[in-house]
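Each chain is listed here by its residues.
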Amino acid sequence: MRLHFIRPEWLLALVPLALLLAWLWKTKGQRSAWQSYIAPHLTLVLLTPGGKQRPHRLTLLTMIWLLGTLALAGPAVNKQPLPVFSSDQGRVIVLDMSKSLYATDLAPNRLTQEKFRATDLLNGLKDGETALVAYAGDAFTISPMTTDRQTLLNLLPTLNPDIMPVQGSNPDSAISLAKQLLAQSGHRQGDIILLTDGISPGQYDDSLSQLKGSNYRLAVLAMGTAQGAPIRLPDGQLQRDNAGDVVVAKTDFGLLGRLATATGGIMVPFNPDGSGVPALLTWLDKGADQAKDTGIKGEQWQDLGPYLALLLLLPVLYSFRSGILACISLLVISQPQPAHAANWWQDLWQTPNQQGQSAFDSQAYQNAANLFEDSNWRGSAHYKAGDYEKALAEFQRDESAIGQFNQGNARMQMGQLDEAIANYEAALKQNPDFADAKANLALAKQLKKQQEQQGQQNQQGQQNQQGQQNQQGQQNQQNQQNQQNQQEQQNQQGQQNQQGQQNQQNQQNQQNQQNQQEQQNQQGQQNQQGQQNQQEQQNQQGDKQPNEASLQADVNPSTQSEDQDKQADAKAAAQLKEEMGEQPSNGSIAPSELSTAPLPEEMQRALRAVTDDPQVLLRNKMLLEYQKRRMRGEQPKDTEQW
């Protein structure tokens with residue numbers, strides 16, 4: 001058992017207390033502040049001896065300061081055991097490595113921004129296991145489930161579309177592989193975080209079928225823009241389709257959002273300021289499972305500061321004797337609310353209309369409308385604030401010439417010219433000398449004429465456009481008829497040419513058939529002569545030799561070439577054995593023996609050629625995995641080209 005302070009920096013607050021006590025100790029002999037200004041031999045005459053000094057105030061201050069400082073420093077004596085919990089959350093980060101990531105709508109391209117966002121995401125993840133999957137035409141495991149975040153960060157820079165064994169885009173295979181990794185690690189629930197620049201409608205259906213019926217959520221971090229950009233390959237060339245046109249890769253945020261929300265997930269679009277990753281991390285933390293007990297026990301100091309702070313209640317109770325706490329409480333309780341106090345104070349000196357006039361003069365029109373009691377003034381305040389509908393409603397309460405004039409002004413602002421003209425005429429009927437009403441009436445009529453003229457011009461313009469469209473339609477019809485006539489002529493010529501070509505081909509075929517028949521007849525005659533000659537030789541040689549001659553005649557040149565290849569392979573194998581120092585065996589296999597001789601130069605060069613580049617090793621790993629799938633008969637389906 002030993003004394004320990006959890007927050008020892010608070011002990012520095014004792015330094016000002018020590019300086020204060022030292023200064024008070026130095027000046028403790030002075031009874032009054034006048035003694036520093038009056039000569040010592042006159043103090044006994046001029047000053048009246050005071051009462052007793054009250055040193056208890058200094059003691060009270062010292063005790064409060066000391067107790068408060070020690071409580072804030074967190075004194076502790078014992079340690080209490082605490083269980084250690086860890087998150088059982090599992091997640092798989094899936095990276096799109098199709099060629100569309102080379103699009104340049106994000107600077108410098110989508111691939112670089114995708115790696116940046118994946119790095120930020122890995123740095124923000126705290127607990128749980130994480131796996132890494134990359135996909136193009138097929139999906140491959142870059143790293144299985146692991147808690148080593150640094151390993152994943154080291155693998156990210158090596159990824160790019162050029163090292164993928166199969167080009168294309170196949171997100172549903174990546175989602176299937178992510179599900180397998182989560183299930184193999186024992187995670188019944190988990191998150192699949194997909195970083196991609198878009199999917200097609202067919203891929204949407206396949207990916208949704210992969211996620212249906214599972215407890216895994218899909219979060220999408222969408223890269224790219226809706227406008228898209230060309231795909232600039234590493235060699236500087238632009239990606240082109242089969243027709244030779246430049247491909248513009250666009251991101252369909254709506255389709256990605258539907259895929260994420262269908263599984264209870266979230267879609268976060270790309271934001272240059274990087275705010276999408278914190279939003280995604282917040283969503284992951286909210287949906288994380290409860291932590292599980294690891295069985296490991298930790299220790300934590302038991303803070304005694306709160307208990308020590310209870311001793312501060314003693315000086316508080318003592319302060320009741322001097323009435324200090326009671327005065328403070330009375331001031332807090334009797335303090336009025338600011339808004340009520342201001343209204344109460346203003347109501348003592350000004351009427352609501354006067355308060356509204358003050359607000360109107362200070363251009364606080366909305367506040368003035370709430371303060372005015374007069375409808376005309378309220379309408380004027382709404383009119384100044386730009387709320388013409390409320391202003392019209394207030395002005396309609398007044399049917400005088402002024403009220404009609406104000407209604408006309410409000411309707412003018414709302415574009416109701418006919419109603420405004422009627423209001424101005426009504427105002428002039430009540431007061432024919434109303435100059436402002438006359439001026440506004442003339443202005444309203446002028447605006448109405450302008451609108452009518454514009455309407456007529458628009459109608460004429462539409463008619464002209466229709467006439468032009470009709471003329472263009474007639475011209476197009478004539479052009480189409482001309483094109484049809486030309487096509488018919490071309491078709492007739494083409495048919496004639498085809499007939500002529502067919503006749504020529506038929507003549508050529510007949511000649512070829514005649515030539516073939518002549519050649520066959522000649523070969524038949526030669527074969528008959530050869531057979532007759534062979535029979536004559538067989539009769540001359542006897543009964544034994546014909547069998548050997550027939551065997552030699554049946555030998556095929558292809559079998560001879562195969563025998564030669566086998567002999568060449570055998571010679572090469574023998575040479576290789578001689579170079580490796582192996583002895584020929586007589587049908588028996590000798591046990592292998594360790595040799596201390598140096599390796600041949602060929603093997604040394606081969607060992608030196610083994611690379612330690614992580615990018616090459618990762619590519620070789622994916623190629624080996626792809627070949628194993630091909631051997632098992634797992635062929636990747638047809639995918640998008642990029």
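Conventions used here
- Residue positions are given per chain, counting from 1 as you read along its sequence in written order.
- Per-residue local features are limited, in this predicted model, to residues with pLDDT of at least 70; the limit for side-chain atom pairs, both in listing and counting, is 80 or more; totals at the level of whole chains, interfaces and linings are taken over all residues.
- Remark: hydrogens and water are excluded; side-chain values derive from all non-hydrogen atoms of the structure.
- Counted as salt bridges are all cases of a side-chain nitrogen of Lys or Arg within 4 Å of a carboxyl oxygen of Asp or Glu.
- Put simply, DSSP H or I for four residues or longer makes a helix, DSSP E for two residues or longer makes a strand, and each gets a number counted from the N terminus.
- Burial status follows relative accessibility: with a 1.4 Å probe on protein chains alone, a residue under 20% of its type maximum counts as buried, one over 50% as exposed, and anything between as partly exposed.
- Computed over the protein atoms alone on a 1 Å grid, cavities are sets of points where a 1.4 Å probe fits but cannot get out and pockets are open sets with protein on both sides within 12 Å along at least five of seven lines; a residue lines them when it has an atom within 4 Å of a point.
- Grid points are joined across faces, edges and corners, and a volume is the space filled by probe spheres set on the points.
- Classification of ring pairs rests on two measures: the distance between centres of Phe, Tyr or Trp rings, Trp counted by its six-membered ring, which must be within 6.5 Å, and the angle between planes, read as stacked under 30 degrees, edge-to-face over 60 and tilted in between.
- For the handedness criterion, the strands are oriented away from the viewer, and a crossover whose path from the first strand over the helix to the second runs clockwise is classed as right-handed.
- One requirement defines pairing of two strands: DSSP has to find at least two bridges between them.
- Multiplying 1.5 Å by the helix residue count minus one yields the expected span of that helix.
- Only the contacting stretch of a helix is used when fitting its axis, a line to C-alpha atoms as for every element, and angles between N-to-C directions run 0 to 180 degrees.
- Here roughly perpendicular refers to angles of 65 to 115 degrees, roughly parallel to angles under 35, roughly antiparallel to angles over 145, and oblique to all remaining angles.
- By the definition used in this description, the sense in which the near helix is turned from the far one sets the handedness, with an anticlockwise turn below a right angle giving left-handed and a clockwise turn giving right-handed.
- Here, residues are in contact when the closest pair of their heavy atoms is within 4.5 Å.
- Classes in brief: Ala, Val, Leu, Ile, Met, Phe, Trp, Tyr, Cys and Pro nonpolar; Asp, Glu, Lys and Arg charged; the others, Gly included, polar.

Go over the pattern of salt bridges with me, naming the residues and quoting the values.
Evaluated as defined, the whole model comprises 12 salt bridges. Residues Arg217 and Asp191 are paired through a salt bridge, measuring 2.8 Å at the closest nitrogen-oxygen approach. Of the two residues, Arg217 is situated in strand S7 (residues 216-222) and Asp191 in strand S6 (residues 190-196); the sequence distance between them amounts to 26 residues. Residue class for Arg217 comes out buried when judged on its relative accessible area of 19%. Taking the relative accessible area as the measure of exposure, Asp191 reaches 2% and is therefore buried. A cluster of three or more residues bridged by salt bridges with shared partners is formed by Asp138, Lys621, Glu625 and Arg629.

Give me empty space enclosed by the protein: which residues, what numbers.
A water-sized probe, rolled over the atoms, reveals where empty space remains. Within the structure shown, the criterion is met by 1 cavity of 30 Å³ or more. Roughly 30 Å³ of internal volume is contained in the largest cavity. Around the largest cavity, the lining residues are Arg117, Leu221, Pro269, Phe270, Asn271, Gly274, Ser275, Gly276 and Val277.

I'd like a rundown of the packing of aromatic side chains, residues and numbers included.
Taken as a whole, this structure holds 7 aromatic pairs when the rule is applied. For the ring pair Phe405 and Phe434, a centre distance of 5.0 Å and an interplane angle of 35 degrees mean the geometry is tilted. With Phe405 in helix H18 (residues 401-414) and Phe434 in the loop between helix H19 (417-430) and helix H20 (435-541), this pair connects stretches of sequence that are 29 residues apart. Pair check on accessibility: Phe405 and Phe434 agree, each one buried.

Describe the pairing of strand S4 (residues 129-135), listing the residues and the values that go with them.
Counting buried positions along S4 yields 6 of 7 residues, so the element is predominantly enclosed. In this fold, the crossover linking strand S3 (residues 90-96) to S4 by way of helix H4 (residues 110-124) has right-handed handedness. With 5 bridges joining them, S4 and strand S5 (residues 139-146) adopt antiparallel strand pairing. Of the residues in S5, the one forming a bridge with Tyr135 is Ala139. If you look at the hairpin formed by S4 and S5, you'll find 3 residues sitting between the two strands.

Tell me about H18, and please be specific about residues and values.
With 14 residues, H18 should cover 20 Å at 1.5 Å per step; its first-to-last C-alpha distance of 20 Å lies within 8% of that length. For H18, a buried count of 11 out of 14 residues is recorded, marking the element as mostly surrounded by other parts of the structure. Of the residues making up H18, those classed as buried are Ala401, Gly403, Gln404, Phe405, Asn406, Gln407, Gly408, Asn409, Ala410, Arg411 and Met412. Looking at the residues trailing H18, positive phi occurs at Gly415, about 85 degrees.

Break down the packing of H18 against H19 for me, with residues and values.
Two elements in contact, H18 and H19, have axes whose closest approach is 8 Å; the angle formed by their N-to-C orientations is 165 degrees. In this view, H18 runs roughly antiparallel relative to H19, as classed from their interaxial angle. In terms of crossing hand, the pair formed by H18 and H19 is left-handed. Within the contact between the two elements, H18 uses Ala401, Gln404, Phe405, Gln407, Gly408, Asn409, Arg411 and Met412 and H19 uses Leu417, Glu419, Ala420, Asn423, Tyr424, Ala426, Ala427 and Gln430. For the contact of H18 with H19, a count of residues per class yields 8 nonpolar, 6 polar and 2 charged.

A description of unusual backbone geometry should follow, citing residues and the corresponding values.
A cis amide bond, omega -10 degrees, links Ala107 with the succeeding residue Pro108. Structurally, the position occupied by Pro108 is in the loop between S3 and H4. Its identity as a non-glycine residue notwithstanding, Gln363 has a phi of 65 degrees, on the positive side. Here Gln363 lies in the loop between helix H14 (352-361) and helix H15 (365-371). Classification of Gln363 by relative accessible area gives exposed; the value is 60%.

Bear in mind that shape data such as this cannot, by itself, settle questions of function.
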